[in-house]
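Next come the chains, spelled out residue by residue.
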Amino acid sequence: MFLSKKEESVCTVAFYNVENLFDTKDNPKTLDDDFTEDGKKRWDNKRYTQKVKKISSVISQLGVYRSKIPPAIVGLVEVENAKVVADLVNSSYLKKHHYGFVHYDSPDERGIDVALLYNKQVFEFIASETFPVFLEDDEGERDYTRDILKVSGNLNGELVHILVNHWSSRREGADETEHKRITAAQTARSIVTHIRDKEMDPKIIIMGDFNDDPTSKSIKEYLVQDDFFNPMKGLLEKGKGTLTYNGKWNLFDQIIFSNNFLEKKDNQLYFVYAEVFQKKWMRVFKGKFKDSPFRTYIGKWYQGGFSDHFPVYAFLKKKN
């Protein structure tokens, strides 16, 4: 299916913050009231269906110019529950591509979770589990946030471990919340250690919306040490980003690889290239927010766009 004239197979791995993919029903256990038919957002079935269609259309196009089919794996954040993930994989754009998915409910107060889509013809699922990130508020009470999702499986025949992250936001200020993202980075590193305690030289992919750039302390000092490389750092240096804030580009959405993905060995996956997917039709075309991601809402005002983040993707090759 993937073979080229050079007898090399190519697959795409991707990550996408889909911006508040809520269903229209109220969950009394979470703060999802705005995203209901009677809520502030007037979130009805028509808007929800349109959102699913737009997001799935983007996923279906990630990396296809090289891998010929949509991504083998796609990390997702800001999904409300298993239903919305199922609606994505069963959409007209994705149904024919044989996606399965992994999802767990997180303790996040808003009810947003992380998930992983995988193409069953390219990725053989083996196991999954979640790891909580333990944070405290100013009063010493538990500050509930998204768990880190770990999924293990055979990607194009090779065992790979994927960590999907959605770290704490900067809403209360970047410096004021930095310690939360450092804690998340330390949690991710502990998962890496746990994997390496059981396996010699494992291949690990860490992806997510880190709410920090590749050059931020949490990433460059705590997460990406000398055993990992971050191709998104080079993209940021070129002025590329996945979201804007006050007119400035940030690259919070990243895919990070263990160093053994740099080794070009026969019958083993190796890293080729990473990019931000930011087509013209995914951007605001005029006004104050020109060229920024065409999002679903700005404040309470419905825009009918895709997401406030662009997705990112990377190509992996395997010499057969």
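That block above? That's the structure.
Here is a short report on the structure shown in this document. These figures come from a predicted structure and were not determined experimentally. (Residues numbered from 1 in each chain as written. Predicted model: local features only at pLDDT ≥ 70, side-chain atom pairs only at ≥ 80, totals over all residues. Heavy atoms only, no water.)

## Brief notes about the sheet that holds strand 3 (residues 99-103)
Within a sheet, adjacent strands bond to each other through the backbone by hydrogen bonds, running parallel or antiparallel.
(1) Moving on: Strands sit in the order 3-4-2-1-18-15 across an open sheet of six strands; the sheet is mixed. Where the open sheet ends on each side, the last strands, each with one partner, are strand 3 and strand 15 (269-276). Adjacent strand axes in the sheet meet at a mean angle of 20°, parallel and antiparallel pairs treated alike.
(2) Moving on: Across six bridges, strand 1 (residues 8-21) lies against strand 2 (residues 73-79) in parallel orientation. Note that in strand 2 the partner of Val13 across the bridge is Ile73.
(3) Moving on: Along the sheet, helix 1 (residues 45-59) makes contact with strand 1, strand 2 and strand 4 (113-119), crossing strand 1 at roughly 155°.
(4) Moving on: Packed onto the sheet, helix 3 (residues 82-89) meets strand 1, strand 2, strand 3 and strand 4 and runs at close to 165° relative to strand 3. (Pairing = 2+ DSSP bridges. Helix = DSSP H or I, 4+ residues; strand = E, 2+ residues; numbered from the N terminus. Axes fitted to C-alpha atoms, helices over the stretch in contact; angles between N-to-C directions. Contact = heavy atoms within 4.5 Å.)

## Details of the pattern of salt bridges
(1) Moving on: All told, the structure shown has 17 salt bridges when counted by the stated rule.
(2) Moving on: The closest approach of N and O atoms between Glu172 and Lys180, which form a salt bridge, is 4.0 Å.
(3) Moving on: Each of the salt bridges in this network shares a partner with another, and the network as a whole consists of Glu19, Lys51, Arg295 and Asp308. (Salt bridge = Lys/Arg side-chain N within 4 Å of Asp/Glu carboxyl O.)

## What to know about the pairing of strand 10 (residues 203-209)
(1) Moving on: Summarising burial for strand 10: seven of the seven residues are buried, a large majority.
(2) Moving on: Neither face of strand 10 is open: one carries Lys203, Ile205, Met207 and Asp209, the other Ile204, Ile206 and Gly208, and all of them are buried.
(3) Moving on: In this structure, strand 9 (residues 158-166) lies alongside strand 10, joined through seven bridges in parallel fashion. Bridging across to strand 10, His161 finds its partner in Ile204.
(4) Moving on: Once the chain exits strand 9 it traverses helix 4 (residues 174-198) before rejoining the sheet at strand 10, and the crossover so formed is right-handed.
(5) Moving on: Bridge count for strand 10 against strand 14 (residues 253-258) is five bridges, and the pairing is antiparallel. By the bridge assignment, Gly208 is partnered in strand 14 with Gln254. (Buried < 20%, exposed > 50% of the residue type's maximum accessible area, 1.4 Å probe, protein only. Right-handed = clockwise from strand over helix to strand, strands pointing away.)

## Digging into a negative patch on the surface
(1) Moving on: Together, Glu109, Glu136, Asp137, Asp138, Glu139 and Glu141 line one region of the surface with negative charge.
(2) Moving on: Tracing the backbone through its elements, the reader meets Glu136 in strand 6 (residues 135-136).
(3) Moving on: By relative accessible area, which is 56% here, Glu136 ends up exposed. (Patch = residues over 30% accessible without salt bridge, like charges linked within 9 Å, V, L, I, M, F, W, Y side chains within 5 Å. Areas by Shrake-Rupley, 256 points an atom, 1.4 Å probe, with all protein chains shown as cover. Lys, Arg positive; Asp, Glu negative; His and termini not counted. Charge placed at Lys NZ, Arg CZ, Asp CG, Glu CD.)

## Overview of the environment of Glu199
(1) Moving on: Structurally, Glu199 can be placed in the loop between helix 4 and strand 10.
(2) Moving on: Residue Glu199 is classed as partly exposed on the basis of its relative accessible area of 22%.
(3) Moving on: For the pair Glu199 and Cys11, spaced 188 residues apart in sequence, the C-alpha to C-alpha distance is 24 Å.
(4) Moving on: The contacts of Glu199, once residues within four sequence positions are left out, are Leu159 and His161.
(5) Moving on: Within the structure, the side chain of Glu199 is placed 2.6 Å from the side chain of His161, a separation counted as a polar contact. (Polar contact = N/O pair within 3.5 Å; in protein donor to acceptor, adjacent residues only side chain to side chain.)

## Looking at unusual backbone geometry
(1) Moving on: Even without being a glycine, Arg42 presents a positive backbone phi close to 50°.
(2) Moving on: With respect to the secondary-structure elements, Arg42 resides in the loop between strand 1 and helix 1.
(3) Moving on: Residues other than glycine seldom take positive phi values, yet Asp201 does so here, at roughly 50°.
(4) Moving on: With respect to the element layout, Asp201 can be found in the loop between helix 4 and strand 10.
(5) Moving on: Residue Asp201 is classed as exposed on the basis of its relative accessible area of 52%.

## Focus on the sheet that holds strand 5 (residues 123-131)
(1) Moving on: If you trace the six strands from one edge of the open sheet to the other, you get 5-8-9-10-14-11, paired in mixed fashion. Strand pairing shows two members of the sheet lacking a second neighbour, strand 5 and strand 11 (228-229), which therefore form its edges.
(2) Moving on: Its contacts with the sheet put helix 4 on strand 5, strand 8 (148-155), strand 9, strand 10, strand 11 and strand 14, and the angle it makes with strand 8 is roughly 35°.

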